[in-house]
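Analysis of the macromolecular model
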Amino acid sequence: MKKPIYLDYAATTPVDPDVAQAMCGCLTMDGVFANPASRSHIYGWQAEEQVETARGEVADLLSCDSREVVWTSGATESNNLALKGVFEKAGYRGHLITSLAEHKAVIDPAKWLAEKGVEVTWLQPDASGLVALEQVKAALRPDTRLVSLMHVNNETGSVTPVAEIGEFCREVSEGRPHEVLFHVDAAQSVGKLPVDVNQLQVDLLSLSAHKFYGPKGVGALYVRRKIQPLLAPIMHGGGHERGMRSGTLPTHQLVGMGAAARLSRERLTDEMPRIALLRDQLWAGIADLPGVRRNGSADLVSPIHLNVCFSGLDGEALQLSLRELAVSSGSACTSASIEPSYVLKAMGLSDADAHSSIRFSLGRFTSRDDVEMAVVHIRNVVLQLQSG
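So, a few notes on the structure that sits alongside this text. (Residues numbered from 1 in each chain as written. Predicted model: local features only at pLDDT ≥ 70, side-chain atom pairs only at ≥ 80, totals over all residues. Heavy atoms only, no water.)

A closer look at unusual backbone geometry
Of note in the backbone geometry, Tyr-92 takes a positive phi value of approximately 55° without being a glycine. With a phi angle near 75°, Tyr-213 is a residue other than glycine that sits in the positive phi range. Note that Tyr-213 resides in the loop between strand S7 (204-208) and strand S8 (219-223). Residue class for Tyr-213 comes out buried when judged on its relative accessible area of 5%. (Helix = DSSP H or I, 4+ residues; strand = E, 2+ residues; numbered from the N terminus. Buried < 20%, exposed > 50% of the residue type's maximum accessible area, 1.4 Å probe, protein only.)

Written as structure tokens, this is what we have:
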């Protein structure tokens, strides 16, 4: 059976063949398979060397010091460590600023913190899905400890003005008894946009390997060296990662993440413009269909995302009819839900229009032929559903 064209790169990416090859060298007896924490023999030394090389590759991708990269199981754990770690260290006192358009991996920890006594301000995105610096300024309070906003929205691809917000947080921190820390969920931007933590002026930044052609189940949290004492661990049992995250390190996964980071850094300049052109070609091919409009910003958007509302059509029927394409209606974490996208609703879309929206996301292995075939298929399906 012919497989559908994969246009769900925002949900996950296939492991790059070069990454898979690097990982295979860290699994069996004749490879570098050992526990990196085993420092009494050569097997452990070799594993530790590979893990630290990978940490350096991730640090190079983020333009930071390798000692600021803390390994985790993925962006979900990184987000939890950032939010819970900051407020546990502060005795669950203070104020958190975040938005209604965040990933559930930020929203749910924020709600959990609220139950612990942390006061949370939920910013409303505009019709393009963007949160502005002015909203952060208006929400700031004397007891604000953390601002947590995603760099690129996972559903619409809208790009938050992170550098402006980071600069503001640094400025207002001067003279305060405690800093206003800035956390960014960058799961959808690392490997797709240039991410320099110093230029963005962030204190904490989450990423997942599987979003940029690395393996699932591994990620990292960037923690600026100066603020590391302000972060409490949420996992205990061995004091790994300089006390910030305990657990035996998965050598093969970390080597894979390091290889994926290196490839992303080397290919970013050429790869992303190519993908953006294909994304624009896809949109140009369907934009004239009746009732079709684009959700989110057309300018401040990641190169891989295209979120489209097919107004008037039943979203479930539309997705089932697009059987030649692998697409989604939103976040993979909520794709089993029958509820309309909370992100699109926060942007002002009606329940019906949110239900009628599809996220297309392109990537490294998307070809021009894929896009041309997708356009024909989408047009045929939409016109058939509209006439039926």
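Quick look at empty space enclosed by the protein
Tallied over the entire structure, the rule returns 2 cavities of 30 Å³ or more. In this structure, the largest cavity spans a volume of roughly 70 Å³. Residue lining of the largest cavity: Ser-99, Ala-101, Glu-102, Pro-125, Gly-129, Leu-130, Val-131, Leu-149, Met-150, Asn-153, Ser-158 and Thr-160, and that is the complete set. The residue makeup of the lining of the largest cavity, split by class, is 6 nonpolar, 5 polar and 1 charged. (1 Å grid on protein atoms, 1.4 Å probe; cavity = no way out; pocket = protein on both sides within 12 Å on 5 of 7 lines; lining within 4 Å. Points joined across faces, edges and corners; volume = space filled by probe spheres on them. Nonpolar A, V, L, I, M, F, W, Y, C, P; charged D, E, K, R; others polar.)

What about the nonpolar core?
In terms of nonpolar packing, the biggest core is built from 80 residues, with Leu-62, Trp-71, Leu-205, Phe-310, Phe-360 and Ile-378 touching the most fellow members. Apart from the residues within four sequence positions on either side, Trp-71 is in contact with Val-51, Ala-54, Arg-55, Val-58, Gly-219, Ala-220, Glu-241, Arg-245, Leu-249, Leu-254 and Met-257. Counting residues in hydrophobic clusters, the runner-up holds 20 residues, among them Val-70, Val-86, Ala-110 and Leu-146. (Core = buried A, V, L, I, M, F, W, Y, C linked by side-chain atoms within 4.5 Å. Contact = heavy atoms within 4.5 Å.)

A closer look at the sheet that holds strand S4 (residues 119-123)
Taken together, the 7 strands give an open sheet; going across it, the order is S2-S8-S7-S6-S5-S3-S4, and neighbouring strands pair in mixed fashion. Single-partner strands in this sheet number two, and they are strand S2 (69-72) and S4. Neighbour to neighbour, the strand axes of the sheet diverge by 20° on average, direction disregarded. Of the pairings in the sheet, the one linking strand S3 (residues 95-99) to S4 comprises 5 bridges and is parallel in character. What sits directly across from His-95, in S4, is Glu-119. Packing against the sheet, helix H3 (residues 75-89) makes contact with S2, S3, strand S5 (144-150), strand S6 (181-185), S7 and S8, and its axis sits at approximately 160° to S7. (Pairing = 2+ DSSP bridges. Axes fitted to C-alpha atoms, helices over the stretch in contact; angles between N-to-C directions.)

Regarding the sheet that holds strand S9 (residues 292-295)
With antiparallel pairing, 3 strands are arranged side by side in an open sheet as S9-S10-S12. Because the sheet does not close on itself, it has two edges, and the strands there are S9 and strand S12 (357-361). Along the sheet, successive strands turn relative to each other by an average axial angle of 30°, direction set aside. Helix H8 (residues 251-286) contacts S9, strand S10 (305-310) and S12 of the sheet and is inclined by roughly 15° relative to S10.

Some details on the environment of Leu-123
On the secondary structure map, Leu-123 appears in strand S4. When the C-alpha positions of Leu-123 and Met-150 are compared, they lie 12 Å apart, and in sequence the two are 27 residues distant. What Leu-123 contacts, discounting residues up to four positions off in sequence, is Ile-97, Thr-98, Ser-99, Leu-100, Val-131, Gln-135, Val-136 and Ala-139.

A word on the pattern of salt bridges
In a structure, side chains of opposite charge can pair up when their charged atoms sit close to one another. Counted according to the given criterion, the structure contains 21 salt bridges. With a closest N to O distance of 2.6 Å, Arg-245 and Glu-77 form a salt bridge. One end of the pair, Arg-245, is in the loop between S8 and H8; the other, Glu-77, is in helix H3, with 168 residues separating them in the sequence. Comparing Arg-245 with Glu-77 shows no difference in burial state: the two are buried. Residues Asp-143 and Arg-141 are paired through a salt bridge, measuring 2.8 Å at the closest nitrogen-oxygen approach. Connected through salt bridges with shared partners, the residues Asp-16, Asp-18, Arg-267, Glu-271 and Arg-364 form a single ionic network. (Salt bridge = Lys/Arg side-chain N within 4 Å of Asp/Glu carboxyl O.)

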